[in-house]
Amino acid sequence: MIKLIAKRFLSALPSLIGVIIVTFVISHSLPGDPAAYFAGPSATAESIAETKARLGLDQPLPVQFVAYVGDLMQGDLGRSFNSGQPVLTDLIRRLPASFELTLYALVFAIVVAVPLGLWAAVNPGSWIDHLCRGTVTAAAAFPSFFTALVLIFVFYYKLGWAPSPIGRLAIYFPLPPTITGFFTIDALIAGDFATARAALGQLILPAISLGLFALAPLARMTRASMIGVLGSDFITTAKAEGLPRRTILWTYGFRNALLPVVNILGMIFSFLLGANVLIEQVFGWPGIGSYAVEAVLTSDYAAIQGFVVMMAILYILLNLGVDILNMIVDPRVRYDD
């Protein structure tokens, strides 16, 4: 297994190198001059030139790229023009917020989509099957930011059931001590149940808005995989031997249908982590998505490049985790490789 993990990791290195090159070129092709932005609206040509020299933007692009790659080799993602802090520090500080939102959204999607897909597969053509298809179509039809705005309008503005959709925690609650970076978990560890409940309340609407984005492919994949397994010869044999229906469905059917679902989970988590940019903007969520948007608007090259490189690394690690999970769920994967 260690050999396979090393092989997977090495095979991802060319993709990571390509991401670094493409991101550098595209970020430096964005409209706007960061030196003029940070020099201020009343800046003169001389002050802009001084700012460029101070930021290292007066050098040719190949020279800047070589310097950037040299810093990357030392684990330095550069310094943000906006915050004045190292990009790695900014991303590490904001990453738990994005991870918490993405994880809760994925849990919501799994809890709803997997049982719905299984139920539809066991009863094809029934009302539950039509309900599954309708739910999948509706979830895929609306963009996540539109769903977020509708939920805010209904549950916050009209009904008043949801807290103010701004940030991770209301200002009158104390911040929990940083242990995992997840406010809900850190507050529970500290025994502050009021803060934990408040943090969970802030998560509900954005997690549902983002989770609906993942619900459609998960339910569709679960249904298709389970239908394929239930039509297999070994299921027919199990029925002929008179095994209980529960044993056939869960011991033989669900476990064999799980592998494609596990495969798509890693991809969906990666997509959610990138797609939460709009959700973070709508809910004022202080994650890496809002950080990236701010960096693009101000042409903050180091922050843009650092965000994309970190997302690429996270994507590689998530896929590696999915491969390991596949080997655990289905040992045949090891022998096939």
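Since this is a predicted model, take the numbers as computed values, not measurements.

## Side note on a nonpolar patch on the surface
A surface patch of nonpolar side chains, amounting to about 1,200 Å² of accessible area, comprises F142, F145, F146, L149, V150, F153, V154, Y156, Y157, L159, W161 and L278. The biggest single contributor to the nonpolar patch is helix α7 (residues 144-158), with 8 residues. With respect to the element layout, L159 can be found in the loop between α7 and α8 (183-189).

## Looking at the nonpolar core
The nonpolar side chains of a soluble globular protein tend to be buried with one another. L101, L218 and I268 are the most contacted members of the largest nonpolar core, which has 33 residues in total. Put simply, the parts of the chain that give this core at least two residues each are α5 (87-122), α6 (127-141), α7, α9 (193-230) and α11 (245-283). For this core, the leading source of residues is α9, giving 9 residues. In contact with L218, other than residues within four places in its own chain, are A109, I110, A113, V261, I264, L265 and I268. Counting residues in each nonpolar core, the second largest holds 25 residues, with A12, L72, A295 and A302 among its members.

## Overview of the environment of A199
The residue A199 is located in helix α9 in this model. A199 sits 24 residues away from L175 along the chain, and the two C-alpha atoms are 9.7 Å apart. With sequence-adjacent residues up to four places away left out, A199 is seen in contact with R168, L169, F183 and T184.

## Focus on empty space enclosed by the protein
Inspection of the entire model under this criterion finds 1 cavity of 30 Å³ or more. Space inside the largest cavity adds up to approximately 40 Å³. Taken together, A162, P163, P165, G201, Q202, L205, P206 and F283 make up the lining of the largest cavity. With 4 residues, the single largest contributor to the lining of the largest cavity is α9. Classifying every residue of the lining of the largest cavity gives 6 nonpolar, 2 polar and no charged.

## Concerning the environment of G181
With respect to the helices and strands, the residue G181 is situated in the loop between α7 and α8. Along the sequence, G181 and L116 sit 65 residues apart, while their C-alpha atoms lie 32 Å from each other.

## Some remarks on the side chain of T147
You can see T147 is positioned in helix α7. The buried category is assigned to T147, whose relative accessible area is 13%. Apart from the residues within four sequence positions on either side, T147 is in contact with F142, S209 and L212.

## Topic: the packing of aromatic side chains
Geometry of an aromatic ring pair is reported as the spacing of the ring centres plus the angle between the planes. A full pass over the atoms with the stated rule returns 7 aromatic pairs. Note on F24 and Y68: the rings are 6.0 Å apart at their centroids and 25 degrees apart in plane angle, and the pair reads as stacked. With F24 in helix α1 (residues 2-27) and Y68 in helix α4 (residues 61-73), this residue pair connects regions lying 44 residues apart in the sequence. There is no split in this pair, since F24 and Y68 are both buried. Ring plane angle 45 degrees and centroid distance 6.1 Å describe the contact between F155 and W161, whose orientation is recorded as tilted. Given the relative accessible area of 29%, F155 is considered partly exposed.

## Side note on the environment of G201
Position of G201 among the secondary structure elements: in helix α9. According to the relative accessible area criterion, G201 is buried, its value standing at 19%. The spatial distance from the C-alpha of G201 to the C-alpha of R168 is 9.1 Å, given a sequence separation of 33 residues.

## Considering the pattern of salt bridges
Using the criterion set out here, one finds 2 salt bridges in the structure. D90 serves as the salt-bridge partner of R93, at 3.3 Å between the closest nitrogen and oxygen. Here D90 and R93 lie together in helix α5, a separation of 3 residues that amounts to about one turn. Ionic pairing is found between R168 and E100, a salt bridge with its closest N-O pair at 2.6 Å. Of this pair, R168 sits in the loop between α7 and α8 while E100 is found in helix α5, placing the two residues 68 residues apart along the sequence.

## Examining the packing of α5 against helix α12 (residues 288-297)
Close contact between α5 and α12 brings their axes to 8 Å; oriented N to C, the two are set at 135 degrees. In terms of orientation, α5 and α12 fall into the oblique class. Of the residues in α12, those in contact with V87, D90, L91, R94, L95 and S98 of α5 are I288, G289, S290, Y291 and E294. Residue composition of the contact of α5 with α12, by class: 5 nonpolar, 3 polar and 3 charged.

Criteria and thresholds
- Residues numbered from 1 in each chain as written.
- Predicted model: local features only at pLDDT ≥ 70, side-chain atom pairs only at ≥ 80, totals over all residues.
- Heavy atoms only, no water.
- Patch = residues over 30% accessible without salt bridge, like charges linked within 9 Å, V, L, I, M, F, W, Y side chains within 5 Å.
- Areas by Shrake-Rupley, 256 points an atom, 1.4 Å probe, with all protein chains shown as cover.
- Salt bridge = Lys/Arg side-chain N within 4 Å of Asp/Glu carboxyl O.
- Helix = DSSP H or I, 4+ residues; strand = E, 2+ residues; numbered from the N terminus.
- Core = buried A, V, L, I, M, F, W, Y, C linked by side-chain atoms within 4.5 Å.
- Buried < 20%, exposed > 50% of the residue type's maximum accessible area, 1.4 Å probe, protein only.
- Contact = heavy atoms within 4.5 Å.
- 1 Å grid on protein atoms, 1.4 Å probe; cavity = no way out; pocket = protein on both sides within 12 Å on 5 of 7 lines; lining within 4 Å.
- Points joined across faces, edges and corners; volume = space filled by probe spheres on them.
- Nonpolar A, V, L, I, M, F, W, Y, C, P; charged D, E, K, R; others polar.
- Phe/Tyr/Trp six-rings, centres within 6.5 Å; stacked < 30°, edge-to-face > 60°.
- Axes fitted to C-alpha atoms, helices over the stretch in contact; angles between N-to-C directions.
- Parallel < 35°, antiparallel > 145°, perpendicular 65-115°, else oblique.

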